[in-house]
Amino acid sequence: MISSIHILGVLLTVGALLVVSWWSGRRVNDAKSFITGGTSGTWLVGGALLGTMAGGQSTIGTAQLAFCYGISAWWFTLGAAIGSLLLGYVYSGPLRRSGCTTLLEVVRNEYGRKAETLGSVLCMVGIFISIVSQVLSSGAMISSFFSIPMLGASVLGAVLIMLFVFFGGIRSAGASGIVKLILLYFSSLAAGIVVWHIAGGFTGLRDGVESIYQQASLSKLNNLSDIESIHQRYGSLVARGVMKDLGGCLSLVLGVVSTQTYAQCIWSASANSHARRGSLICAICLPVIGAACTMVGIYMRGHYVTASELTAMQQAGEVLPAGIGVIENSAQAFPAFILRHLPSWLGGIMLGTLLINILGCGSGLSLGVATILVRDVYSNLQRGAARWSQLVQMRLSIVAVLIMAVVVALLCNNSFINDLGFLSLGLRAVSILFPISFALWLPGRFKPRQVLLAMPIGVIAMLAAKLLSLPGDAVYYGLTIELLVILFHSRLKPSTNNL
């Protein structure tokens, strides 16, 4: 149970990060500094990237997936780390030399305003799904902390996300990310050490999982018939299938490159070298955080059942074994571990850090959607002078996005957090990866009309593959079909950009 010491630790940690966010953003007085900062050093870039990547999906979502599928849950942070390196060492130079401030500006300069607006809408769908997962994560945590209804907890989580970025933009996300980087490593290493100690190393983790599935109803419910099938699921990096798990990793790698939020961190750097080194810091940190969360999830699987699993056991006439606990659902694995297996003072700091991870990631993603809306959609729709300044439009857009995210989160309350993450990153990659890459390295080679046609067709193909449960991962279908459409009428002469 959560104690007053836990609550105090959470409030103090969150409060400290809000102060850092306000302090770092107090000099923001225009839209450009709100969006990109422009003077960030290596650690600020790394902090901003980590702050937006290591959210609810990388922590709570990874532990949740590890609870159900073992070490294959590590792919989320591994893919994000590889994507960070690709963004920093391959794309950062061309992006910064382009003179643009959004990824869709790159598309517009090569393929026209219609392609920019269409790409904006498609990208926003993908990013919005990730915002929903952050609201889900924050709502679940706040609800478990304070025993308040999910609706109120989700609204409170959305408000806190808004406060993190509302007054500081990318500067506040970066400064908060530096502090969070330190707190994340402290928390992750502490959790990993405690798990290793109380479980007795990898052997203890394996034995715990084997033991929990001795219950016939539990193994039947999870389709695990023998020890070999348990080992294949929890000890394999491709437990959900080679094509599916590698497809999830591919979605992360390419999705990071195709996300406005992460590109803003690169544009915020004061030099190319700072952008590269910042991406390297993020890439080093993420797998460590993911490994710790994976260990926590596996440990919790060996010592806890969910409420639905307990019901199935009782209906089968089985008794809960001594020493086995109960959690409401698999998403509670990491928070429950902190509450039940760590000293209250340490648990309070870790819970606060975990909540901050979610809020920081949600704030960065919300800023990315707002930037696309203001720079790539509103500016194309406005006739004459804008009614409000871009800074006001940015902040109003953030509020509107988070209100919608709360509504959708309540409708998707039973979804896997990381499955939403894979879908989100994959959609972003299918939407604009090829148009951006070709605009940067092969300008004038492809017809704007073909690119304009390829983007929605690729997204439709990916969603259709997802709905039809086709073999492999849906991202393969989306990327392949989009590329074929673009290449169908490729040309060698420069484009006229007349769309």
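Residues numbered from 1 in each chain as written. Predicted model: local features only at pLDDT ≥ 70, side-chain atom pairs only at ≥ 80, totals over all residues. Heavy atoms only, no water.

## Digging into the confidence of the model for the protein
(1) Moving on: Mean pLDDT for the protein: 83, with 86% of residues reaching 70 or above.
(2) Moving on: By mean pLDDT, the top-scoring element of the protein is helix 5 (residues 75-97) (95), and the lowest-scoring one is helix 2 (residues 31-35) (48).
(3) Moving on: This model gives residues 169-174 a pLDDT under 50, and the stretch forms 25 contacts once residues within four places in sequence are excluded. (pLDDT = per-residue confidence, 0-100. Helix = DSSP H or I, 4+ residues; strand = E, 2+ residues; numbered from the N terminus. Contact = heavy atoms within 4.5 Å.)

## Quick notes on the pattern of salt bridges
(1) Moving on: As enumerated under the stated definition, the model contains eight salt bridges in all.
(2) Moving on: Its salt-bridge partner being Arg113, residue Glu116 comes within 4.0 Å of it at the nearest N-O pair. Placement of the pair is Glu116 and Arg113 together in helix 7 (residues 113-146), with a separation of three residues, close to one helical turn.
(3) Moving on: Judged by relative accessible area, which is 0%, Glu116 ranks as buried.
(4) Moving on: Of the residues examined, Arg113 reaches a relative accessible area of 44% and is grouped as partly exposed.
(5) Moving on: Glu309 is the salt-bridge partner of Arg301, the closest N and O atoms lying 2.9 Å from each other. Pair check on accessibility: Arg301 and Glu309 agree, each one buried.
(6) Moving on: Among the ionic contacts, a cluster of salt bridges with common partners joins Glu105, Arg108, Arg113 and Glu116. (Salt bridge = Lys/Arg side-chain N within 4 Å of Asp/Glu carboxyl O. Buried < 20%, exposed > 50% of the residue type's maximum accessible area, 1.4 Å probe, protein only.)

## Here's the deal with unusual backbone geometry
(1) Moving on: Backbone geometry places Asn223, a non-glycine residue, at a positive phi of 60°.
(2) Moving on: With respect to the helices, strands and loops of the structure, Asn223 is situated in the loop between helix 11 (216-221) and helix 12 (227-234).
(3) Moving on: Of note, Ser469 is a non-glycine position whose phi angle comes to about 55°, a positive value.
(4) Moving on: As for its placement among the helices and strands, Ser469 is situated in the loop between helix 21 (448-468) and helix 22 (474-488).
(5) Moving on: The class for Ser469 is exposed, based on a relative accessible area of 63%.

## Focus: the packing of helix 13 (residues 242-257) against helix 20 (residues 417-441)
(1) Moving on: Where helix 13 contacts helix 20, the axes come no closer than 7 Å and their chain directions differ by 55°. As the angle between them shows, helix 13 and helix 20 are arranged oblique. For the element pair helix 13 and helix 20, the recorded crossing hand is left-handed. Between helix 13 and helix 20, the contacting residues are Gly248, Cys249, Ser251, Leu252, Leu254, Gly255, Val256 and Val257 on the first element and Phe422, Leu425, Gly426, Arg428, Ala429 and Leu433 on the second. (Axes fitted to C-alpha atoms, helices over the stretch in contact; angles between N-to-C directions. Parallel < 35°, antiparallel > 145°, perpendicular 65-115°, else oblique. Left-handed = near helix turned anticlockwise from the far one by under 90°.)

## Observations concerning the packing of aromatic side chains
(1) Moving on: Throughout the structure, instances matching the rule amount to seven aromatic pairs.
(2) Moving on: The structure contains a cluster of three or more aromatic residues connected by ring pairs, namely Phe434, Phe438 and Phe446.
(3) Moving on: One residue, Arg240, lies across the ring of Tyr69, its end atom 5.5 Å from the ring centre. (Phe/Tyr/Trp six-rings, centres within 6.5 Å; stacked < 30°, edge-to-face > 60°. Lys NZ or Arg CZ within 6 Å of the ring centre and 35° of its normal.)

## Considering the nonpolar core
(1) Moving on: Among the nonpolar cores identified, the biggest contains 151 residues, and Leu87, Ile131, Met300, Phe334 and Phe337 are the most heavily contacted of them.
(2) Moving on: If near-sequence neighbours (up to four positions away) are discounted, Phe337 is found in contact with Ala191, Val194, Val195, Ile198, Val296, Tyr299, Met300 and Leu342. (Core = buried A, V, L, I, M, F, W, Y, C linked by side-chain atoms within 4.5 Å.)

## A word on helix 7
(1) Moving on: An ideal rise of 1.5 Å per residue puts 50 Å on 34 residues; helix 7 measures up with 48 Å between its terminal C-alpha atoms.
(2) Moving on: Among the 34 residues that make up helix 7, 24 are buried, leaving the element largely enclosed by the rest of the structure. (Expected span 1.5 Å × (residues − 1).)

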